[in-house]
Amino acid sequence: MESYKADVVIVGGGGAGLRAAIAVAESDPALKIALVSKVYPMRSHTVAAEGGSAGVKLPTDSLEYHFNDTVGGGDWLCEQDVVEYFVAHCNEELTQLEHWGCPWSRTPDGHVNVRAFGGMKIERTWFAADKTGFHMLHTLFQTSIKYPSIKRFDEHFCVDLVVEDGRVQGVVTIEIGSGEMALVEGRSVVIATGGAGRVFRENTNGGIVTGDGMALAYRHGVPLRDMEFVQYHPTCMPGTGLLFTEACRGEGGFLVNKDGYRYLQDYGLGPAEPSPRNKAMELGPRDRLSQAFWYEQQKGRTIEGQHGSVVHLDLRHLGEAKLRERLPQIYELAEQFLGVDPARAPIPVRPAVHYTMGGIMVDGLCASPLPGLYAAGECSSVGIHGANRLGSNSLSELCVFGKVAGEEAARFAKAAAGNSASLLKQAQAVEQRLLGLKTKTGGSERIATLRKEMAQTMEDGCGIYRLAETMQATCDKLDELKERFKDVNVEDKSSVWNTEWLLAIELEYQLDVAQSMAYSALNRRESRGAHQRLDGFEKRDDENFLKHSQAHYVAGGAPRIDYGAVKITKSQPGTRAYGAAGEKAEQERKASNV
Amino acid sequence: MKKTLKRSNAPIFWALFGAGGMLSALLGPMLVFITGLAIPLGMLLPVDTMSYAKMLAFAQNIVGKGFIFAIISLFLWHAAHRIFHSLHDIGIHAGIVAKLICYGGALAATLVTAYTLLAIGF
Amino acid sequence: MSENQRIIEIEVLRYNPETDKEPSKQVFDVPFTDDMSVLQGVQYIKDYLDGSLSFRWSCRMAICGSCGMMINGEPSLSCETFLRDYYPARVRVEALAHFPIEKDLVINMEGFIEKLESIQPYIIPKEARTLAQGEYLQTPAQLASYEQFSSCINCMLCYAACPQFGLNSDFIGPAAMALLHRYNIDSRDAGKGERMELVNSEEGVFNCTAVGYCSEVCPKHVDPANAVNQNKTNSAADYFMRFLTPKGGAK
Amino acid sequence: MNKRRPYVRPMAGWWRKNPFFVEYMIHEGTALFVAAYALILLTGLVYLSRGEAAWNVWLEGLKNPWYIAFHWLALAAVSYHTYTWFKIMPRTMPPVIVGGKRLPDMAITGGGLAVATTACLALLGLVWGIAR
Ligand SMILES: Cc1cc2nc3c(=O)[nH]c(=O)nc-3n(C[C@H](O)[C@H](O)[C@H](O)COP(=O)(O)OP(=O)(O)OC[C@H]3O[C@@H](n4cnc5c(N)ncnc54)[C@H](O)[C@@H]3O)c2cc1C
Ligand code: SF4
Ligand code: F3S
Ligand code: FES
């Protein structure tokens, strides 16, 4: 087995991973960086982000506002000191991207333009048309080429961490092209493998978003935090789940039910004004909008489509010219995938799984409890999203915490002792285990069947609204699927580009991650942010559950769930109110503060 | 990591190709029509349009000389370039030989044109 | 849903380097609905008919650039090409043309990545700017001048479309040139001189014979042919100007 | 022990496999007519330099039906060249921005063809004027 020695290993070539790699390279050009990614970096799912990236920009805005929006939006389950650091560094990071060439959309005088986004009080979302993630990712990837110390392992699939002497010392990879496994050593490792949305059925995520990194850390004893909080995005394509960005509403789109009625006004988000005001109506937070959809569906006021109930995203009043300029990709998506011309007809939409708020538990410096292991991006839980992420906060997170993770990992690598000599043996054991998965014969379970059943049960039990009974059923089903996985059949026995084998490995990761979600959800007996229950726990319960859930891996069994404290600095938990009610609440808060 | 790059001499041929292509696109159809169809068939233009006297005078005039030279040589450079590439396209990578035949032919014709125009005198 | 489900034939060019001498065709019967893409068709094959079929994909929304294939001989993104447009005829799916096939529909793209790396695809500023100085000012018009060339998703359809690349894989090719051009004309960049060396070289723009099919198939309207061909003019200018200017154009 | 064995497909006959390429080969093929026509002119020039008798032989020769047929074909080919030349034009020149919008391809091609038509008519007019 080949082995390669680096100083810092970064797993994941998305926004977070690339930013981390550049941070390591800039902090010390002598450090050797191995950037491992199962796809070429520009294929990473950051590429799909459409709407934009938050950073205080306008003179009317302030860091405090951004802080309040984020903490309130997260239903107070945020680490407030980390949020404070975050909001203070967004603008700087987005400016850095500008210097690196990101084609941000501009105002007529040449400054970077900002747009409105859900749950944000003031316009602060930097955007590059409706391809923000695409441009950020390509800018980061192309910039990373400048640094000779970054050695990329493109299309190398990370299958395990190597832990020895109580610290992580490298990773084991499969070179997809040859099927050969290798040990990539490092004195520190950054995980930046993105979210896990593919464990659900209808989702906005790419095929690669399978929670691998979460499972890797989890299996090595690192808790997954707040995994029950899974964001449903309210405006997705029925069937495929493809996303119509929140920017559609930021630009002034309406959501209407089958009667053409802007139903959000019935759910405490009104009043309905001709163009949505910030933090009201269509610009409310995602959890609220998705929940409103659910109620409309219960009331029979949605439209029945081929792929379930839908409501209409109406952009017609914006006019073709504006749509083509501000939302060109959305325009094409609607035309090509749905045969709908958004300037002439409303777009059918329904909620779909979009984002995993939880992830690998790390502190404000992106360090996990396992020494040498860092995490950043969607796979991590650094603590800024709480129970519900605000749109456009996560692209900024990639940059802000990608950089922190890179710098901290570099620091750790320089201080750490040399690596143990016996790592290769560990890696060879991993190789044997995984080759076994491929070479074994006589399995009777199809990968696709298991995957489908998992995705369905997650949707059933961990959807927009949750009940103990169905969550329990989901937990049981996942246990069953894990059992059945032992009998999985990999038809393809070859080495070169054996993607079936990789799918099997991914499925195993997904099952672990799904379990952490379902059990965390079952145990949280309250409703908060994206976790909403209808079985007697409809209220937020700060007394018992203003806490982070932490799922611990238990080999061969159900995860063990315990809880950790939430760091509250300046914002005491309050009512999450939006629309007119929200404005009133805010005024009252202000008045009482003086 | 950086490869050593060799500067291509293509701009010379490409510029001639472009100039000839533009000239033939602008005037080609009408020239073919006049010299190849209208005159021999006696259509449209007076029969003596290309009489010896007129053509000699044209070829002795400095502007006329320039015109004739440009048309013949640039048309040929244009065509030579395209033919050279088409040979490559259909899988005849004769390389230097093809190059010599195509561009060499254009060069030879250019020289003959120039010589003849000079021989015709002023 | 099942009433309007029909069966379409998908013919796939298979190649397994470990057992096959050369690629061969295999036909699958795939049930499909009107909203199914060709990608979903091949996914169906992998999930239920033959798990060994290999192909790249991820985003499903025509932005990650992974899923390029030859569909009925045309380079296309399989996630935004729909089976309904071929039915009842058979759909023919092959790996992207002009690239070596690794397995089935997977091509080797290392050469392309090397090209991307060779064009210095990052801002080379006149003078470094600090974060404290804030953003560069760039007017919407300045942005518009390069924006189109910056929207390349590296799907390589243009390479599969370009016969000149097929005949000579050293040719820098359409997408890499589009990206190079994008940086050259970005108001923040001053690296044009360095990049011209590649444009002018034997691997450079003059391999292009203005076939133009690259722009035709580009799913993101990058118009790479325009980038390549504009740079012929730039390169020719550079070629002749060096005789006129004492320093000699780009080095 | 690397099992990769990338398969490189042959290029032979590529231009027959796609209508776009067939068209490309045809418009490249117009070069044959351009070359032949230029050579005919060059012959004429040489005959002109040899005196009136020689010139008249050349002029008479043009009336040969084969030559006439050739010139009809050449006219078609060169006209097609003109059309395709301007059709690719939008690919080859810097984008023209008018009023903040990129000029559409059609406009550039149309403009080019209009210029070519004008040039041709001007040439005809000129010849006609001189000859009269
Ligand atoms: C459709 C969509 C639109 C969005 N829009 C917005 C928006 O407008 N604003 C916003 O702020 N956020 C948005 N988000 C969220 C945001 O884009 C993501 O949270 C973010 O891009 C995740 O980035 P990342 O770097 O953490 O992971 P990714 O970009 O997903 O990258 C993960 C990387 O890890 C690698 N990897 C994974 N597993 C392995 C393994 N086993 N071995 C090796 N490598 C591995 C992958 O190859 C990849 O390179 C959107 C998300 C989606 C899905
Ligand atoms: S230029 Fe167009 S076709 Fe070529 S790689 Fe880029 S997006 Fe794809
Ligand atoms: S197809 Fe190829 S030949 Fe030129 S115009 Fe495009 S690069
Ligand atoms: S799957 Fe991403 S472009 Fe088709």
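Computed from a predicted model, the values in this text were never measured in an experiment.

Novice: Please provide a residue-by-residue account of the overall build of chain D, values included.
Specialist: In terms of helices and strands, chain D carries 4 helices and 2 strands. When the helices and strands of chain D are listed from N to C terminus, the series reads α-α-α-β-β-α. Seen through its C-alpha atoms, chain D measures out along the principal axes to roughly 80 × 50 × 25 Å. The buried share among the 132 residues of chain D stands at 42%. For chain D, the proportion of contacts with a sequence separation of at least 24, taken over those separated by at least 6, is 43%. Of the accessible surface of chain D, which amounts to about 7,400 Å², a share of 72% is contributed by carbon and sulfur atoms. Here chain D carries 13 positive and 5 negative side-chain charges, and the mean point of each set is 20 Å from the other.

Novice: Can you lay out the packing of helix α1 (residues 10-41) of chain B against helix α9 (residues 224-244) of chain C for me, pointing to particular residues and giving the numbers?
Specialist: One can describe the packing of α1(B) onto α9(C) by two numbers: an axis separation of 9 Å at closest approach and a directional angle of 120 degrees. On the basis of their axis angle, the class for α1(B) and α9(C) is oblique. For the pair α1(B) and α9(C), the sense of crossing is left-handed. In contact with Pro11(B), Ile12(B), Trp14(B) and Ala15(B) of α1(B), α9(C) contributes Lys232(C), Thr233(C), Ala236(C), Tyr239(C) and Phe240(C). Considering only residue class, the contact of α1(B) with α9(C) consists of 7 nonpolar, 1 polar and 1 charged.

Novice: I'd love a proper account of helix α3 (residues 80-99) of chain A, names of residues and values included.
Specialist: Taking 1.5 Å per residue as the helical rise, α3(A) with its 20 residues ought to reach 28 Å, and the 29 Å between its terminal C-alpha atoms agrees with that figure. Along its length, α3(A) shows its largest kink, about 40 degrees, at His89(A).

Novice: Quick rundown of the arrangement of the chains? Include the residues and the values.
Specialist: No other pair of the 5 pairs of chains in contact has as many contacts as chains A and C. If you take every C-alpha in chain A and every C-alpha in chain B, the smallest gap between them is 10 Å, and the two do not touch.

Novice: For the site of ligand 3, give the residues involved together with the corresponding values.
Specialist: All names here are of chain C. Lining the immediate environment of ligand 3, one finds Cys162, Gln164, Cys208, Thr209, Ala210, Val211, Gly212, Tyr213, Cys214, Ala225 and Asn229. Counting residues per element, the ones that place at least two in the shell around ligand 3 are α8 (213-217) and α9. For the shell around ligand 3, a count of residues per class yields 7 nonpolar, 4 polar and no charged.

Novice: An account of the packing of aromatic side chains is requested, with residue identities and associated values reported.
Specialist: Following the criterion strictly, the structure yields 39 aromatic pairs over all chains and no others. Plain terms: the ring middles of Phe157(A) and Tyr509(A) are 6.4 Å apart, the flat faces sit at 10 degrees to each other, and that makes the pair stacked. One end of the pair, Phe157(A), is in strand β8 (residues 156-164); the other, Tyr509(A), is in helix α14 (residues 499-523), with 352 residues separating them in the sequence. Residue classification places Tyr509(A) among the buried residues on the basis of a relative accessible area of 0%. With 5.2 Å between their ring centres and 50 degrees between their planes, Phe99(C) and Phe165(C) make a pair best called tilted. Here Phe99(C) is found in the loop between β5 (91-94) and β6 (101-103), whereas its partner Phe165(C) is found in helix α5 (residues 163-167), with 66 residues between them in sequence.

Novice: Any chance you could break down the sheet that holds strand β4 (residues 53-54) of chain A for me, citing the residues and the numbers?
Specialist: Residues and elements named next belong to chain A. Pairing is antiparallel in the open sheet, where 3 strands are placed in the order β4-β6-β5. Pairing within the sheet leaves two strands with one partner each, and these edge strands are β4 and β5 (114-115). In the sheet, β4 pairs with strand β6 (residues 125-126) via 2 bridges, with the strands oriented antiparallel. Note that in β6 the partner of serine 53 across the bridge is tryptophan 126.

Novice: Which residues make up the nonpolar core, and what are the values?
Specialist: Val159(A), Phe244(A) and Ile360(A) are the most contacted members of the largest nonpolar core, which totals 334 residues. Ignoring sequence-local partners within four residues, the contact set of Ile360(A) consists of Ile191(A), Gly213(A), Met214(A), Ala217(A), Val222(A), Pro223(A), Leu224(A), Ser368(A), Ala375(A), Cys379(A), Ser380(A) and Ser381(A).

Novice: Describe in detail the site of ligand 1, supporting the description with residues and values.
Specialist: Residue and element names in this part refer to chain A. Residues in contact with ligand 1 amount to 38 residues; listed here are only the nearest, Ser44, Thr46, Glu378, Ser394 and Leu395. Between ligand 1 and glycine 13 there is a distance of 2.8 Å, counted from an oxygen atom to a backbone nitrogen or oxygen. One of the backbone N or O atoms of glycine 15 is found 3.1 Å from an oxygen atom in ligand 1. Notes on ligand 1: free accessible area 990 Å², of which the protein chains cover 98%. For the shell around ligand 1, the elements supplying multiple residues, two or more each, are α1 (15-27), β3 (33-37), β8, β17 (347-356) and α10 (393-415).

Novice: Please set out α1(A) residue by residue, giving values where relevant.
Specialist: Residue and element names in this part refer to chain A. For α1, spanning 13 residues, the distance from its first C-alpha to its last is 18 Å, which sits close to the expected 18 Å at 1.5 Å a residue. With respect to burial, α1 is a largely interior element, 11 of its 13 residues being buried. Along α1, the residues that are buried comprise Gly15, Ala16, Gly17, Leu18, Arg19, Ala20, Ala21, Ile22, Ala23, Val24 and Ala25.

Novice: Let's hear about the UniProt feature "transmembrane region" (unreviewed entry) in chain D: which residues, and what values?
Specialist: Residues and elements named next belong to chain D. UniProt records the feature "transmembrane region" (unreviewed entry) for residues 21-46, 66-86 and 107-131 in the present numbering. For residues 66-86, the end-to-end C-alpha separation is 30 Å, with 100% helix and 0% strand making up the annotated structure. Annotation note: span residues 107-131, helix share 100%, strand share 0%, distance between end C-alpha atoms 36 Å.

Novice: Outline the interface of chain A and chain C, supporting the account with residue identities and numerical values.
Specialist: Between chain A and chain C, the residue contacts involve 69 residues of the former and 68 residues of the latter. A combined buried area of about 5,600 Å² lies between chain A and chain C, and 52% of that area is made up of carbon and sulfur atoms. One can count 6 salt bridges joining chain A with chain C. When the shortest N-O distance is used, the salt bridge between Arg188(C) and Glu98(A) registers 3.2 Å. Mapped onto the side of chain A that touches chain C, the elements with two or more residues apiece are α3, α4 (132-144), α9 (328-338), α12 (447-461) and α14 of chain A. By residue number, the principal contributor to the side of chain A that touches chain C is α4(A), which donates 6 residues. The residue inventory of the side of chain A that touches chain C, partitioned by class, reads 22 nonpolar, 28 polar and 19 charged.

Novice: Before we move on, can you summarise the pattern of salt bridges with the specific residues and values?
Specialist: Residues and elements named next belong to chain A. Scanning the model with the defined rule gives 82 salt bridges over all chains in all. Close ionic contact of arginine 524 with glutamate 228 constitutes a salt bridge, the shortest N to O distance being 2.5 Å. Separated by 296 residues along the polypeptide, arginine 524 in the loop between α14 and β22 (532-533) and glutamate 228 in the loop between β12 (224-225) and β13 (230-236) bring together distant segments of the chain. There is no split in this pair, since arginine 524 and glutamate 228 are both buried.

Novice: Account for the side chain of Asp223(C), with residues named and values stated.
Specialist: Of note, Asp223(C) is situated in the loop between α8 and α9. You can call Asp223(C) buried: its relative accessible area is 7%. Excluding residues within four positions of it along the chain, Asp223(C) makes contact with Gln148(C), Phe149(C), Ser215(C), Pro90(D), Arg91(D) and Arg102(D).

Novice: How would you summarise the environment of Met227(A) if you had to cite specific residues and measurements?
Specialist: Residues and elements named next belong to chain A. In this structure, methionine 227 sits in the loop between β12 and β13. Judged by its relative accessible area of 1%, methionine 227 falls in the buried class. C-alpha of methionine 227 to C-alpha of alanine 192: the two residues are 35 residues apart in sequence and 17 Å apart in space. Beyond its immediate chain neighbours, meaning those up to four positions away, methionine 227 contacts Met214, Gly358, Gly359, Val513, Ser516, Met517, Ser520 and Ser549.

Novice: Quick rundown of the interface of chain B and chain D? Include the residues and the values.
Specialist: Residue-level contacts link 52 residues of chain B with 49 residues of chain D. In total, about 4,500 Å² of surface goes out of reach between chain B and chain D, with carbon and sulfur atoms giving 80% of it. At the junction of chain B with chain D, the criterion picks out 1 salt bridge. Here Glu28(D) and Arg82(B) are joined by a salt bridge, their closest N and O atoms 3.1 Å apart. Applying the counting rule to chain B against chain D returns 11 residue pairs in polar contact (both at pLDDT 80 or more). For the side of chain B that touches chain D, the secondary structure elements donating two or more residues are α1, α2 (52-60), α3 (62-89) and α4 (96-120) of chain B. No other element matches α1(B), which puts 21 residues into the side of chain B that touches chain D. Taken together, the residues of the side of chain B that touches chain D sort by class into 36 nonpolar, 12 polar and 4 charged.

Parameters and conventions
Residues numbered from 1 in each chain as written. Chains lettered and ligands numbered in written order. Predicted model: local features only at pLDDT ≥ 70, side-chain atom pairs only at ≥ 80, totals over all residues. Heavy atoms only, no water. Helix = DSSP H or I, 4+ residues; strand = E, 2+ residues; numbered from the N terminus. Buried < 20%, exposed > 50% of the residue type's maximum accessible area, 1.4 Å probe, protein only. Contact = heavy atoms within 4.5 Å. Areas by Shrake-Rupley, 256 points an atom, 1.4 Å probe, with all protein chains shown as cover. Lys, Arg positive; Asp, Glu negative; His and termini not counted. Charge placed at Lys NZ, Arg CZ, Asp CG, Glu CD. Axes fitted to C-alpha atoms, helices over the stretch in contact; angles between N-to-C directions. Parallel < 35°, antiparallel > 145°, perpendicular 65-115°, else oblique. Left-handed = near helix turned anticlockwise from the far one by under 90°. Nonpolar A, V, L, I, M, F, W, Y, C, P; charged D, E, K, R; others polar. Expected span 1.5 Å × (residues − 1). Bend = angle between axes of the 7 residues up to and from the residue. Near = heavy atom within 4 Å. Phe/Tyr/Trp six-rings, centres within 6.5 Å; stacked < 30°, edge-to-face > 60°. Pairing = 2+ DSSP bridges. Core = buried A, V, L, I, M, F, W, Y, C linked by side-chain atoms within 4.5 Å. Polar contact = N/O pair within 3.5 Å; in protein donor to acceptor, adjacent residues only side chain to side chain. UniProt positions renumbered as here; feature names shortened; annotations may be inferred. Buried area = accessible area lost by both parts, 1.4 Å probe. Salt bridge = Lys/Arg side-chain N within 4 Å of Asp/Glu carboxyl O.

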